[in-house]
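Geometric and topological summary
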Amino acid sequence: MILSRLAGRPVLLVIGLVAALLLPWFVYPPVALDIACWALFAAAVDLLLGFTGLLSFGHAAFWGSAAYATGLIAVHSGLPFPVAVLGGAAFSAVLAVPIGYLSIRLRGIYFAMVTLAFAQMVYFVANQWRDVTGGENGLQGIPRDFFGVDLSDPFFFYYAGLPFILAGLFVAWRIVRSPFGRVLVSIRDNSARARALGYSIDRYKLLVFVLSAALSGLGGGLFAIGHGFASLDGVYWTTSGQAVMMVVLGGIGTLWGGAIGAALIVELNDRLATAGFQETGIITGAIFIVVVLVFRRGVWGTARTLLER
Amino acid sequence: MAGPVPGSPVLAARGLVREFRGFRAVDGVDLDVAEGSVHALVGPNGAGKTTLFNLLTGFLKPTAGSVRLGPHELAGRSPEHVARLGLARSFQITSLFAELTPLQHVELALAGRTGLGWRFWRSDKALRRFSGRAAELLEQVGLDGHGATPAGALAYGRKRALELALALALDPKVLLLDEPTAGMGVEDVDRTVRLIQRVRETGGRTLTVVMVEHNMSVVSSLADRVTVLQQGRVLVEGPYAEIRHDPRVVTAYLGDSNAAH
C-alpha cells in the first residue's frame, strides 16, 4: 500500500529533481553533465523504441552532428552557448527530415539497418570534411559564452546546462502524454488498426522521428559545449548503440529508465577508466547481458512493476 | 446526381483484379452494394473474400479495376484515406491496442477526424472531450461498465464488440465487417447478430453493411443480398433465399467430390 502510493507521480518527480540537482555533489561534475546529456539522449531514443516501436540504430547522426553544429555556431558566431545548443538541436531536426522520410516506411531490423547506414554516411562526411569538422582531431576549443558569466568550472556549468536537459525531458514526457503520444502507442501496438481509424501513420512516425532527433541534438550539443570539443566519436555507430543500451538497461517504454541506464553506464565507464581499466566494454556488456536476462523490463521497468504491486 | 436514393449503389466495384505473382486472387469482380442494405460476401476458403475486402479498404492496391464510394474513387488510396472518406472496417482477427482501454480506443477513433492527434504539446486529457460520445458508443455495443479495462484483458466477445464500436466511431457511410462472428460460440453469435441489427438502425438512418461471413445462419438472418465468390470470381449474386439452393453454390461449398473430373 505504502509502496504503491510512493509510485504516485509527484513523489517520484521530486526524487528525480532532487537527484538531478544534487548529482554534481556526488559524482565528478563533468561526469554529472555527461549523465544528464545521455539521459536526454536515451529518452529521445525511447520515444521511438518504447513508444512508437521503432529501433533506430543511427541516432548518433543526430547527437553527433548537433555537437558539430553547436560547436561551429559557438566558435564562429561568439553567441551565448544556449543559442548554439538550440541551433544544434534545430540542425538535427532538419537532418532528420530526409533521413526519417526515407527510413520510416521500413520496419524492424530493416529500419534499424537503414538508420545505421545513414549514420555511417554522416560519419563519413564528418571524417572527410576536415576543414569544417577537424576530421580525426575533432572540432576543438568550443567556447561556452554566456554574457560574460564565467562558466569554466564544470560544477557551475552543470547547473547552467541542466535547464536544457530538464526542458528536453519535459518535452519528451509531454509528447508521450499527449494525444499525439496516444496515436504513437496505437501505431506501436497495431499499425494496421491505426490506419483503419484514419491515421496517416507514416506522417506520425516522421514527426516523432524529427522530434526525437531534435531532443538527441539538444543533448549532443550541450555535451559538446560541456567538453569544449566535438569529435568523430559522437557520430560513430557505437554512440547509437550506447543510447539503445541505456534504454534497454533502464527499461524500454519507461522514458525515465533511460536516465538510470545513462547514469549507470556513464558513471561505470568513468570509474573503470579512472582505475586504468581499458576494456570498459567487457564490463558494461556483461552487465547489459545480465540485466536483459534477469530483468526483462530493465531496471526502472522492473522497479515500477514491483512498486505497483 | 441527386442525393443517395435508398437502394441505389453506395459502394461499387468494377472489374476488380488483384494478382499475386501471376496468381489472380481476385479476378474481375463487379460488386454493387445498395444504400441501406446488408451485403454478404461468402465463398469457400481461398475464394478471394479477404483479398476483395482488403482491396475495398485500401489495404491492398488493385492490379486493375475501380472502387467507388459515392463520388469518390477509392482504388489506389491509402487505408487511412479510405477510412476518412467513410468506409470503416473491422478486422477478422481481433485487432486492438493491448494497453489502451476501450474508452481510450473509441476516443482515439473519434479524434481521427480532428487534428487533435498531431498536438504533441497538449495534454492527453484533451482527448476527454470525446469521452461522452465514446461512452455512448460503448453503451450501444453493450460495453458500458468495461470502459476502463485494458483491451487485452477483455473477453473475446467483448473484444469483437469493441471492434464494432471502433468502426461505428468513424461515423461511416459503409461498414465493412470481416467475419464478425468468427470463433464465437452459438450464444455470442446470436448476440452479435442482434447487436449488428441494432447498431445499424441508429441516428435516423440505416447503415450500409458489407460483411464477409462463413456462418450461413448469420447470413440468412442479416443479409439482404449475397455475393458468392469462387476462385476470385463472382459465382452467383442474389437474395439469400435464391442463392441458397443454387446448384453452383452447393457444389462450391461441398466441393466437387461428387462431380467427375
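What you are looking at is a predicted structure, and each value in this text was computed from that prediction instead of being measured. In this numbering scheme, every chain counts its residues from 1 along its sequence in written order. The naming scheme follows written order: chains are lettered A onward, ligands numbered 1 onward. With pLDDT at 70 or above as the cut-off, local features in this predicted model cover only qualifying residues; side-chain atom pairs require 80 or more to be listed or tallied, and sums for whole chains, interfaces and linings still use all residues. The basis for the side-chain values is all heavy atoms of the structure; hydrogens and waters are excluded.

Helix-helix packing is characterised by the crossing angle of the two axes and by the distance between the axes. Residue and element names in this part refer to chain A. Helix axes are fitted only over the stretch in contact, all axes being lines through C-alpha atoms; the angle between N-to-C directions runs from 0 to 180 degrees. Elements are defined by DSSP. Helices are runs of H or I of four residues or more, strands are runs of E of two residues or more, and each kind is numbered from the N terminus. Between helix α12 (residues 237-250) and helix α14 (residues 280-294), the least distance of the axes is 9 Å, while the angle of their chain directions is 40 degrees. On the basis of the axis angle, α12 is oblique to α14. Taken as a pair, α12 and α14 cross one another with a handedness that is left-handed. Where α12 abuts α14, its residues M245, V248 and L249 lie against T284, G285, I287, F288, V291 and V292. Three classes are used, and their members are as follows: Ala, Val, Leu, Ile, Met, Phe, Trp, Tyr, Cys and Pro are nonpolar, Asp, Glu, Lys and Arg are charged, and the others, Gly among them, are polar. By residue class, the composition of the contact of α12 with α14 is 7 nonpolar, 2 polar and no charged. Just so you know how the angles are binned, under 35 degrees is roughly parallel, over 145 roughly antiparallel, 65 to 115 roughly perpendicular, and the rest oblique. Helix crossings get a hand from a simple test, with the near helix turned counterclockwise from the far one by less than a right angle marking a left-handed crossing and a clockwise turn marking a right-handed one. Contacts are residue-level and defined by heavy atoms, with any inter-residue pair within 4.5 Å sufficient.

Residues and elements named next belong to chain B. What the 6 strands build is an open sheet, ordered β6-β7-β8-β3-β9-β10; its pairing is mixed. The two strands at the open ends of the sheet, each matched to only one other strand, are β6 (87-89) and β10 (233-238). Pairs of neighbouring strands in the sheet enclose a mean axial angle of 20 degrees, with direction left out of account. Two strands pair when backbone bridges link them, and strand β7 (residues 174-178) and strand β8 (residues 208-212) are joined in this way by 5 bridges, in the parallel orientation. Counterpart to L177 in the pairing with β8 is M211. Strands in contact with helix α1 (residues 49-56) are β3 (38-42), β6, β7, β8 and β9 (225-230); relative to β7, the strand with the most contacts, it is inclined by about 150 degrees. Here helix α5 (residues 156-169) sits on the sheet in contact with β6 and β7, set at roughly 155 degrees to β7. Two strands qualify as a pair provided that DSSP identifies no fewer than 2 bridges between them.

A separate point is the interface of chain A and chain B. Chain A puts 27 residues into the contact, and the matching count from chain B is 35 residues. When chain A packs against chain B, close to 2800 Å² is buried across both sides, 61% of that on carbon and sulfur atoms. Throughout, the accessible surface (probe 1.4 Å) given up by two parts as they are put together, summed over both, is called the buried area. The largest contributions to the chain A side of the interface with chain B come from R182, R193 and L197 of chain A, which together make up 28% of the buried area. A carboxyl oxygen of Asp or Glu within 4 Å of a side-chain nitrogen of Lys or Arg is what we treat as a salt bridge. On inspection of chain A and its partner chain B, the count reaches 5 salt bridges. The salt bridge involving E107 of chain B is made with R182 of chain A; its shortest N-O contact spans 3.6 Å. Each polar contact in these results corresponds to two N or O atoms within 3.5 Å; when the atoms are within protein, one needs to be able to donate a hydrogen and the other to accept it, and residues that are neighboring in sequence are counted only if both atoms are side-chain atoms. Our count for the contact surface shared by chain A and chain B stands at 11 residue pairs in polar contact (both at pLDDT 80 or more). Tallying contributions element by element places helix α9 (residues 179-189) of chain A first for the side of chain A that touches chain B, with 8 residues. Tallied by class, residues from the side of chain A that touches chain B come to 14 nonpolar, 5 polar and 8 charged.

The subject of this paragraph is the sheet that holds strand β1 (residues 9-20) of chain B. Residues and elements named next belong to chain B. Read from one edge of the open sheet, 4 strands run β2-β1-β4-β5, paired in antiparallel fashion. Each end of this open sheet is capped by a strand with a single partner; those strands are β2 (23-34) and β5 (72-73). Examined bridge by bridge, strand β4 (residues 64-69) and β5 share 2 bridges and lie antiparallel to one another. Counterpart to L69 in the pairing with β5 is H72.

What follows is about the side chain of D178 of chain B. Residues and elements named next belong to chain B. Examined against the element boundaries, D178 turns out to sit in strand β7. When accessible area is computed with a 1.4 Å probe and restricted to protein chains, residues below 20% of their type maximum are described as buried, those above 50% as exposed, and intermediate ones as partly exposed. Judged by its relative accessible area of 1%, D178 is buried. Excluding its chain neighbours within four sequence positions, the residues that come into contact with D178 are T50, F53, R89, S90, F91, Q92, R160 and V212.

So, on to the pattern of salt bridges. Considering all chains together, one arrives at 18 salt bridges over all chains under this definition. Between R182 of chain A and D124 of chain B there is a salt bridge whose closest N-O contact spans 3.9 Å. Taken as a pair, R182 of chain A in helix α9 and D124 of chain B in the loop between α3 (102-111) and α4 (131-140) lie in two separate chains rather than in one. A salt bridge links E19 of chain B to R24 of chain B, with the nearest nitrogen and oxygen atoms 3.1 Å apart.

Our focus in this paragraph is the confidence of the model for chain B. When pLDDT is averaged along chain B, the result is 85; 93% of the residues meet or exceed 70. The quantity known as pLDDT measures the predictor's confidence residue by residue, on a range of 0 to 100. Contacts for the low-pLDDT stretch residues 257-261 of chain B, under 50 throughout, to residues beyond four places or in other chains number 1 contact.

So, on to the packing of aromatic side chains. For this analysis, a ring pair means two rings from Phe, Tyr or Trp (six-membered ring only for Trp) whose centres lie within 6.5 Å, classed as stacked if their planes differ by under 30 degrees, edge-to-face if by over 60, and tilted for the remaining angles. Counted under the stated rule, the structure contains 23 aromatic pairs over all chains. Measuring from ring centre to ring centre gives 5.7 Å for F180 of chain A and Y204 of chain A, while their planes differ by 20 degrees; the resulting arrangement is stacked. Here Y204 of chain A lies in helix α11 (residues 201-227) and F180 of chain A lies in helix α9, a separation of 24 residues in the sequence. Just as F180 of chain A is buried, Y204 of chain A falls in that class too. Site record: aromatic cluster; members linked through ring pairs are F180, Y199 and Y204 of chain A together with W118, F120 and W121 of chain B. Think of it as a cone above the ring: NZ of Lys or CZ of Arg counts as a charge over the ring if it is within 6 Å of the ring centre and within 35 degrees of the ring normal. In this structure, R144 of chain A is placed above the aromatic ring of F157 of chain A, and the distance from its NZ or CZ to the ring centre is 4.4 Å. Above the plane of the ring of F59 of chain B lies R89 of chain B, whose end atom (NZ or CZ) is 4.9 Å from the centre.

Our next topic: the pairing of β10 of chain B. As defined by bridge partners, β9 of chain B adjoins β10 of chain B across 5 bridges and the pair is classed as antiparallel. In the sheet register, Q230 of chain B faces β10 of chain B, and the bridge partner there is R233 of chain B.

Should pLDDT be low for a region, the predicted coordinates there are not to be read in detail. The predicted model of chain A averages 88 in pLDDT, with 97% of residues at 70 or higher. The model gives residues 1-7 of chain A a pLDDT under 50, and that stretch makes 7 contacts with residues more than four places away or in other chains.

Residues and elements named next belong to chain A. Tracing the backbone shows L55 in the loop between α3 (29-49) and α4 (60-77). The spacing of L55 and F111 is 56 residues in sequence and 7.0 Å in space, taken between C-alpha atoms. Residues contacting L55, with those up to four places away along its chain left out, are L49, F111, A112, T115 and V244.

We now examine α12 of chain A. Three or four residues apart is the spacing at which side chains of an α-helix point the same way, because the helix has 3.6 residues per turn. All names here are of chain A. Multiplying 1.5 Å by the helix residue count minus one yields the expected span of that helix. Taking 1.5 Å of rise per residue, the 14 residues of α12 would be expected to cover 20 Å, and the 20 Å separating its terminal C-alpha atoms lies within 8% of that figure. Among the residues of α12, T239, S240, G241, A243, V244, M245, M246, V247, V248, L249 and G250 are the ones counted as buried. At its buried positions, α12 is contacted by α3, α4, α13 (257-274), α14 and α15 (298-308). Backbone geometry just downstream of α12 places G251 in the positive-phi region, at approximately 130 degrees.

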